[in-house]
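Remarks on the overall topology
In case you want the letters, here they are:
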Amino acid sequence: MLWLKALHLIFMVTWFAGLFYLPRLFVYHTMSEDQPSLDRFKIMERKLFFGIMTPGAILTIVFGLWTWYANGWGAYAGTQWLHVKLALILVLVIYHIYCGKLLLDFKHDRNRHGHVFYRCLNEFPILILVAIIILAVVRPF
Ligand code: HEM
């Protein structure tokens, strides 16, 4: 059970490393103009998204659900924190998919946003992370 939770947290950190770094790469990508840099950013973004972020997301969810199953599906009955956490995770998954869409736009040289947009986008997962950690650790309700 504790091993499942440890793996859940390890993959959560992996997922968030990508969620924080990918929009950062988009900022630098937007600001570069020479072809070798543009090509290099495309490779870095693809490897980060498909090699780190997406496996991290899937394994976080798998080990989260597994931890829940190991504790018993009824273990959190009467509390609301896990339901709110799951709703925030749904928002995070939508954000993740949106990042994938932006990645494809860059891949096909269709990016239409400036670096300020990506700097703002970068703040979004921080808010979700803070909310989920408070829900999971403090369990206010
Ligand atoms: C579908 C996705 C997820 C499910 C089903 C899930 C479920 C769970 C469960 C059942 C626990 C164990 C609670 C206990 O010890 O009784 C847990 C712990 C935890 N989860 Fe998740 N989780 C998911 C995603 C996430 C994400 C995305 C994050 C971070 C942003 C996260 C952060 C944590 C933390 C920090 C703990 C440790 C809480 C503690 O023991 O103090 N989880 N999760």
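Since the model is a prediction, treat every value here as computed from it, not as a measurement.

Topic: the overall build of the protein
Scanning the protein from terminus to terminus reveals five helices and zero strands. Secondary structure of the protein in N-to-C order comes out as α-α-α-α-α. Each principal axis of the C-alpha atoms in the protein carries an extent, and together these give about 55 × 25 × 20 Å. Here the protein, with 141 residues, has 36% of them falling under the buried criterion. Expressed as a percentage of contacts within the protein between residues at least 6 apart in sequence, the contacts between residues at least 24 apart total 78%. When the accessible area of the protein is evaluated, it comes to approximately 8400 Å², of which 73% is carbon and sulfur surface. The average position of the 13 basic charges and that of the 7 acidic charges among the side chains of the protein differ by 12 Å.

So, the coordination of the iron atom of the ligand
Donor atoms from the polypeptide that coordinate the iron atom of the ligand comprise H8 (NE2) and K85 (NZ), at 1.8 to 2.1 Å from the metal. Bound by six donor atoms, the iron atom of the ligand shows angles of 85 to 178° at the metal and therefore octahedral coordination geometry. Taken together, the residues span a long stretch of sequence, with H8 in helix α1 (residues 2-31) and K85 in helix α3 (residues 81-107) at a distance of 77 residues. On the accessibility criterion, H8 (15% relative accessible area) is buried.

A short note on the nonpolar core
L19, L22, F26, F49, L92 and Y118 are the most contacted members of the largest nonpolar core, which has 30 residues in total. Within the residue set of this core, elements represented by two or more residues are α1, α2 (35-71), α3, α4 (115-121) and α5 (124-137). Take this core: its biggest share by element is ten residues, from α3. What L92 contacts, discounting residues up to four positions off in sequence, is W15, F16, L19 and I128.

A short note on the side chain of T60
Note on placement: T60 falls in helix α2. Given a relative accessible area of 6%, T60 falls into the buried group. A polar contact of 2.6 Å, which involves the side chain of T60, links it to the backbone oxygen of G56.

Notes on the site of the ligand
Not every one of the 23 residues close to the ligand is listed here, only the nearest: K5, H8, Y76, K85 and R139. The separation between a nitrogen atom of the ligand and a polar side-chain atom of H8 is 2.8 Å. Note that an oxygen atom of the ligand is positioned 3.2 Å from one of the side-chain N or O atoms of R139. Every element with two or more residues in the shell around the ligand is listed here: α1, α2, α3 and α5.

Parameters at a glance
- Residues numbered from 1 in each chain as written.
- Predicted model: local features only at pLDDT ≥ 70, side-chain atom pairs only at ≥ 80, totals over all residues.
- Heavy atoms only, no water.
- Helix = DSSP H or I, 4+ residues; strand = E, 2+ residues; numbered from the N terminus.
- Buried < 20%, exposed > 50% of the residue type's maximum accessible area, 1.4 Å probe, protein only.
- Contact = heavy atoms within 4.5 Å.
- Areas by Shrake-Rupley, 256 points an atom, 1.4 Å probe, with all protein chains shown as cover.
- Lys, Arg positive; Asp, Glu negative; His and termini not counted.
- Charge placed at Lys NZ, Arg CZ, Asp CG, Glu CD.
- Donors = N, O, S within 2.8 Å, 3.2 Å for Na, K, Ca; no water.
- Tetrahedral: all angles 85-135°; square planar, octahedral: opposite > 155°, others 65-115°.
- Core = buried A, V, L, I, M, F, W, Y, C linked by side-chain atoms within 4.5 Å.
- Polar contact = N/O pair within 3.5 Å; in protein donor to acceptor, adjacent residues only side chain to side chain.
- Near = heavy atom within 4 Å.

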